[in-house]
Amino acid sequence: MLDECTTKAHQCDTDTTTCVDNTDDIFGYTCPCRDGFLKVNENDKTCHDMNECNPPDADHNNHNCDTHATCTNNFGSFECECNDGWKGDGETCKNIGAYIFLNRGFIRVHH
Ligand SMILES: [Ca+2]
């Protein structure tokens, strides 16, 4: 069996796909997309960045930003950042006023 993936004889784009050897056949391999990438055509050996913030369809609507966060697309992933007046990691944003109220007694203000 020829394993194009380990012999580097494949044409998969290593930035956006992973090479998977076709074990059913002497020749052949596929290039499934890495997470966060999509193919235009089934047999493409290159994938394109998925814009998680503005997904092409409901199946890819998988960003997990808080409703009070801004989603920013980047190559292979995306980022969530809480909007002004909100605080958190972007996946969960709390109103700053409520945050201070809930934590009174041991208020720590992060900048
Ligand atoms: Ca992306």
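Scope of this entry: the structure provided in the associated data block. Everything quoted here is computed from the prediction, not taken from an experiment.

Thresholds applied
Residues numbered from 1 in each chain as written. Predicted model: local features only at pLDDT ≥ 70, side-chain atom pairs only at ≥ 80, totals over all residues. Helix = DSSP H or I, 4+ residues; strand = E, 2+ residues; numbered from the N terminus. Pairing = 2+ DSSP bridges. Core = buried A, V, L, I, M, F, W, Y, C linked by C-beta atoms within 7 Å. Buried ≥ 20, exposed ≤ 12 C-beta atoms within 10 Å, placed from the backbone. Contact = placed C-beta atoms within 7 Å.

**Observations concerning the overall build of the chain**
Next, step 1: Tallying secondary structure elements over the chain gives one helix and eight strands in all.
Next, step 2: Written out in order from the N terminus, the α and β elements of the chain read β-β-β-β-β-β-β-β-α.

**Let's talk about the pairing of strand β5 (residues 69-74)**
Next, step 1: Summarising the sheet, β5 and strand β6 (residues 77-82) pair through six bridges and their orientation is antiparallel. Along β6, the bridge assignment pairs Cys 71 with Cys 80.
Next, step 2: In sequence, β5 turns back onto β6 through a hairpin of two residues, with Gly 76 there showing a positive phi of about 90°.

**Side note on the nonpolar core**
Next, step 1: Residues Cys 65, Ala 69, Cys 80, Cys 82, Trp 86 and Cys 93 constitute the largest nonpolar core, which totals six residues.
Next, step 2: Discounting chain neighbours no more than four positions away, the residues touching Cys 80 are Cys 65, Asp 66, Ala 69, Cys 71, Gly 90 and Glu 91.

**So, unusual backbone geometry**
Next, step 1: The phi dihedral of Lys 8 is positive, around 65°, even though this residue is not glycine.
Next, step 2: Along the chain, Lys 8 turns up in the segment before β1 (20-21).
Next, step 3: For Lys 8, a count of 9 C-beta atoms within 10 Å translates into the label exposed.

**Description of the environment of His 10**
Next, step 1: Note that His 10 resides in the segment before β1.
Next, step 2: It is 9.6 Å that separates the C-alpha atoms of His 10 and Val 20, two residues lying ten residues apart in sequence.
Next, step 3: Contacts of His 10, omitting those with residues within four sequence positions, involve Glu 4, Cys 5, Cys 19 and Tyr 29.

**Notes on the environment of His 68**
Next, step 1: Relative to the helices and strands, His 68 is located in the loop between β4 (48-49) and β5.
Next, step 2: In sequence terms His 68 and Thr 92 are 24 residues apart; their C-alpha atoms lie 8.3 Å from each other.

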